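If you want the building blocks of each chain, they are given just below.
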Amino acid sequence: MEKFVIGGGRPLRGEVRISGAKNAAVAILPAVLLSDEPCVIENLPGISDVHTLLRTLESLGAQVRPINKTTVEIDPRHVNSFVVSKQMAEGMRASSYFLGALLGRMNKARVAPPGGCDFGVRPIDQHIKGFEALGAKMSFENGMVSGRAQRLSGCSIYLDVVSVGATINIMLAAVKASGLTVIENAAREPHIVDLANFLNSMGADIMGAGTGVIKIRGVQHLHGTNYSIIPDQIEAGTYMAAAVATGGDVLVTNVTPKHLESIIAKLVEVGADVTEYDESVRVRMDHRPKKCNVKTMPHPGFPTDMQPQIAVLLAVAEGTSIITEGVWDSRFRYVDQLTLMGADIQVDGKMAVITGVKTLHAAPVRAVDLRAGAAMVIAGLVATGTTEIEDIDHIDRGYEDIVEKFSALGAKIKRVPVFDASAALKQA
Ligand code: EPZ
């Protein structure tokens with residue numbers, strides 16, 4: 001086990017290069033199962049969720065050959081299993097994408113229920129509704145989600161909630177189904193568009209990704225492809241928020257500025273100076289942030305995955321701000337940790353009222369989930385004193401080389417082993 005030790009109070013300065021998007025990568029890797037030939041995936045982020053998915057692909061019979069740090073070749077031709085075990089599935093949400101991908105490839109799938117960050121109840125009823133509409137018989141037996149079909153046939157599906165996961169899973173199952181599938185009230189996130197572009201590069205026929213109506217005309221075969229994953233909008237937003245919170249000057253490179261619009265709008269509202277270039281964004285801040293209100297929404301609204309990071313910024317802003325969580329039932333579990341560092345935040349259901357304080361102070365804290373962990377890193381960079389963050393495996397699920405990237409911006413941050421007294425006693 002490891003923890004981060006952060007010496008706070010230094011403005012971030014310099015340049016940071018953003019990695020490939022986690023939430024696109026975790027959809028595209030299972031989607032490789034639909035190909036009849038090997039695929040080369042570029043700009044893969046080096047994060048533990050990607051490593052878990054690559055191991056899962058291998059456990060199904062795929063051959064995985066790393067080409068360099070960010071590129072991998074995957075040959076799915078000899079995949080013979082349709083079972084994803086609890087051990088593989090429980091650590092992450094995206095393991096549910098094997099349901100759609102295996103149904104699409106073999107008309108059968110058995111996958112343990114997905115894990116991932118704890119935001120209260122995380123149902124998959126809309127995924128199941130989509131698979132059933134396509135003709136699969138779904139069941140829950142022996143702690144596994146199973147699906148079987150004679151064949152999958154195109155259909156119209158109206159999603160009751162805008163769900164990224166259900167939209168992706170239905171696309172995966174429908175891409176080789178016979179006939180036309182129409183997903184209405186579909187999610188519009190950049191990673192949905194990236195998955196559609198990836199599948200189309202293999203010969204799929206998908207239109208409308210990025211809008212609320214996606215049309216998928218089934219094809220019989222998908223061929224191999226070379227595909228480069230889009231930059232991670234949330235990793236970019238995290239470094240941008242950190243630059244503003246520390247009063248720094250950072251050039252964030254390898255980004256798609258259009259994907260960052262809702263984040264940039266809020267950073268400008270708190271007083272940051274943001275300049276957009278073709279593939280980079282410069283963020284400067286030379287005074288205390290101003291208050292602002294934020295409501296998270298599905299894309300193109302402000303992303304829920306940036307909610308904890310912006311909360312740190314507002315925790316040290318002048319005045320009182322309100323955050324309303326519009327996607328998840330329970331995404332304020334990190335507030336207790338921030339409070340330990342001196343933040344003044346009152347949570348009432350899906351709303352947090354944040355009264356800005358002049359500064360935060362160091363404390364021992366935990367990463368309660370992935371983005372909460374990123375928020376604690378930003379809090380540590382802002383705070384006076386030395387902050388220690390435990391449970392950083394959550395952070396490693398989604399941030400490549402986070403210590404190296406923040407260090408290159410002038411931060412004092414180290415990864416150190418946690419002394420586990422009970423393990424040491426057992427060994428003695
Ligand atoms: C994806 O989760 C992301 N994960 C999450 O990012 C992100 O917070 C979320 O989308 C929203 O943008 C991945 O892409 C791997 P949803 P997902 O289905 O697909 C309800 C991160 O930090 N719902 O869009 O699980 C659900 O309860 C992670 O990178 C149903 O009711 O989210 C929620 O209120 C954390 N029934 C809302 O829809 C369903 O069948 C949106 O969930 C599915 C979802």
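Heads up: these notes are all about the structure in this document. The shown structure was predicted, so the numbers you read here are calculated from the model rather than taken from an experiment. (Residues numbered from 1 in each chain as written. Predicted model: local features only at pLDDT ≥ 70, side-chain atom pairs only at ≥ 80, totals over all residues. Heavy atoms only, no water.)

## So, helix α10 (residues 307–315)
Basically, it comes down to this: Note on exposure labels: buried denotes an accessible area under 20% of the residue type's maximum, exposed denotes more than 50%, and partly exposed covers the range between, all computed with a 1.4 Å probe on protein chains only. Each helix corresponds to a stretch of at least 4 residues labelled H or I by DSSP, and each strand to a stretch of at least 2 residues labelled E; elements are numbered beginning at the N terminus.
Extensive coverage of α10 is indicated by the burial of nine of its nine residues. All of the buried residues along α10 are Gln307, Pro308, Gln309, Ile310, Ala311, Val312, Leu313, Leu314 and Ala315.

## A closer look at the pattern of salt bridges
Short version of the rule: Salt bridges are defined as contacts in which a side-chain nitrogen from Lys or Arg sits within 4 Å of a carboxyl oxygen from Asp or Glu.
Inspection of the entire model under this criterion finds 18 salt bridges. With its nearest N and O atoms 2.9 Å apart, the salt bridge here joins Lys129 to Asp160. Residue Lys129 is located in helix α5 (residues 125–133), and its partner Asp160 is located in the loop between β10 (156–158) and α6 (164–174); the two are separated by 31 residues in the primary sequence. Within this structure, Glu2, Asp396 and Arg415 form a network of salt bridges that share partners.

## As for the sheet that holds strand β5 (residues 71–75)
Operational definition: We call two strands paired when DSSP finds no fewer than two bridges between them. Helix axes are fitted to C-alpha atoms over the stretch in contact, other axes to C-alpha atoms as well, and angles between N-to-C directions run from 0 to 180 degrees. Contacts are assigned to residue pairs with any non-hydrogen atoms lying within 4.5 Å of each other.
Ordered in space as β4-β5-β3-β14, the four strands form an open sheet in which the pairing is mixed. Looking at the sheet topology across the chains shown, the edges are occupied by β4 (63–68) and β14 (226–228). Direction aside, the axes of adjacent strands within the sheet are offset by 20° on average. Here strand β3 (residues 39–42) pairs with β5 via three bridges, running antiparallel. Within the sheet, the bridge partner assigned to Cys39 lies in β5 and is Ile74. In the packing of helix α7 (residues 190–201) onto the sheet, the strands contacted are β3 and β14, and the crossing angle to β14 comes to about 165°.

## As for the environment of Arg282
Assignment of secondary structure puts Arg282 in strand β17 (residues 280–284). A residue is classified by how much of its surface remains accessible, and Arg282, at 26% relative accessible area, is partly exposed. Sequence-wise, Arg282 and Ile389 are 107 residues apart; in three dimensions their C-alpha atoms are separated by 28 Å. Once residues lying within four places of it in the same chain are set aside, the contact partners of Arg282 are Asp249, Val250, Leu251, Asp273, Val274, Thr275 and Tyr277.

## Things to note about the sheet that holds strand β24 (residues 412–417)
Pairing in this open sheet of four strands is mixed, and the strands run β22-β23-β1-β24 from one edge to the other. Edge positions in the sheet fall to β22 (364–366) and β24, since each of these pairs with one other strand and no more. On average, adjacent strands in this sheet sit at an angle of 25° to one another, irrespective of strand direction. One ladder, built from six bridges, connects strand β1 (residues 2–7) with β24; its direction is antiparallel. Each bridged residue has a counterpart across the sheet, and for Val5 the counterpart in β24 is Lys414. The sheet strands contacting helix α12 (residues 370–382) are β1, β22, β23 (386–390) and β24, and the helix crosses β1 at an angle near 30°.

## Describing the packing of α10 against α12
Rules: To sort the angles, those under 35 degrees are grouped as roughly parallel, those over 145 as roughly antiparallel, those from 65 to 115 as roughly perpendicular, and the leftovers as oblique. Here a crossing is called left-handed whenever its near helix is offset anticlockwise from the far helix by less than a right angle, and right-handed whenever the offset is clockwise. Classification used: nonpolar for Ala, Val, Leu, Ile, Met, Phe, Trp, Tyr, Cys and Pro, charged for Asp, Glu, Lys and Arg, polar for all others including Gly.
Their axes nearest at 7 Å, the elements α10 and α12 cross at an angle of 25°. Regarding the angle of α10 to α12, the classification is roughly parallel. Considering only the axes of α10 and α12, their crossing is right-handed. Residues Pro308, Gln309 and Val312 of α10 lie in contact with α12, whose contacting residues are Arg371, Ala372, Ala374, Ala375, Ile378 and Ala379. In terms of residue class, the contact of α10 with α12 is made up of seven nonpolar, one polar and one charged.

## Re the site of the ligand
The test is simple: What makes a residue near a molecule or strand is one non-hydrogen atom of that residue sitting within 4 Å of it. Definition of a polar contact: a pair of N or O atoms within 3.5 Å, with one able to donate and the other able to accept a hydrogen when the atoms are protein atoms, and with sequence-neighbouring residues admitted only if both atoms are side-chain atoms. Here the open area of atoms and residues is found with the Shrake-Rupley method and a 1.4 Å probe, where only the protein chains shown may cover a residue.
In the region of the ligand, 25 residues are neighbours, and Ser163, Val164, Asp305, Val327 and Arg371 sit closest. Ser163 places a polar side-chain atom, nitrogen or oxygen, 2.6 Å from an oxygen atom of the ligand. Within the complex, the protein chains bury 89% of what would otherwise be the 830 Å² of accessible surface of the ligand. Only α1 (22–31), α5, α6 and α12 provide two or more residues apiece to the shell around the ligand.

## Some words on the pairing of strand β21 (residues 351–355)
Judged by which residues are buried, β21 turns out to be one-sided: Ala352 and Ile354 face inward and are buried, whereas Met351, Val353 and Thr355, on the alternate face, are not. Summarising the sheet, strand β19 (residues 320–324) and β21 pair through five bridges and their orientation is antiparallel. Considered in β21, the bridge of Thr324 is made with Met351. As paired strands, strand β20 (residues 344–348) and β21 are joined by five bridges and run antiparallel to one another. What sits directly across from Ile345, in β21, is Ile354. Hairpin connection, β20 to β21: the antiparallel pair is bridged by two residues, and Gly349 has positive phi, about 65°.

## Some remarks on unusual backbone geometry
In this structure, Pro300 follows His299 across a cis peptide bond, with omega equal to 10°. Its location among the elements puts Pro300 in the loop between β18 (294–295) and α10. The residue Asn43 is not glycine, and still its phi comes out positive at about 60°. Summarising the element assignment, Asn43 is placed in the loop between β3 and α2 (48–60). The phi dihedral of Asn107 falls on the positive side, at around 65°, and the residue is not glycine. Residue position: Asn107 is located in the loop between α4 (97–106) and β7 (108–111). Overall, Asn107 belongs to the partly exposed group, its relative accessible area being 23%.

## Considering the nonpolar core
One recurring pattern in soluble globular proteins: nonpolar side chains tend to sit buried together. This is how it is decided: By nonpolar core we mean a set of buried residues, namely Ala, Val, Leu, Ile, Met, Phe, Trp, Tyr and Cys, connected to one another through side-chain atoms within 4.5 Å.
Within the largest apolar cluster, 79 residues are counted, with the highest numbers of intra-cluster contacts made by Ile41, Ile74, Leu195, Phe198 and Leu199. Contact partners of Phe198, with chain neighbours within four places excluded, come to Ile28, Ala31, Val32, Cys39, Ile41, Thr225 and Tyr227. Val252, Cys292, Ile323 and Met341 belong to the second-largest nonpolar core, a separate cluster that totals 78 residues.

## Remarks on the packing of aromatic side chains
Operational definition: Here is the rule: rings of Phe, Tyr and Trp (six-membered ring for Trp) pair when centre to centre is within 6.5 Å. Planes less than 30 degrees apart are stacked, more than 60 are edge-to-face, and the remainder are tilted.
By the definition in use, this model includes three aromatic pairs. Pairing Phe198 with Tyr227 gives two aromatic rings, centres 5.5 Å apart and planes at 70°, and the pair type is edge-to-face. In this pair, Phe198 sits in helix α7 while Tyr227 sits in strand β14, placing the two residues 29 residues apart along the sequence. The exposure classification of Phe198 matches that of Tyr227, with both residues buried. With a centroid separation of 6.3 Å and an interplanar angle of 50°, the aromatic rings of Phe332 and Tyr334 are classed as tilted. Judged on exposure class, the residue Phe332 and its partner Tyr334 are both buried.

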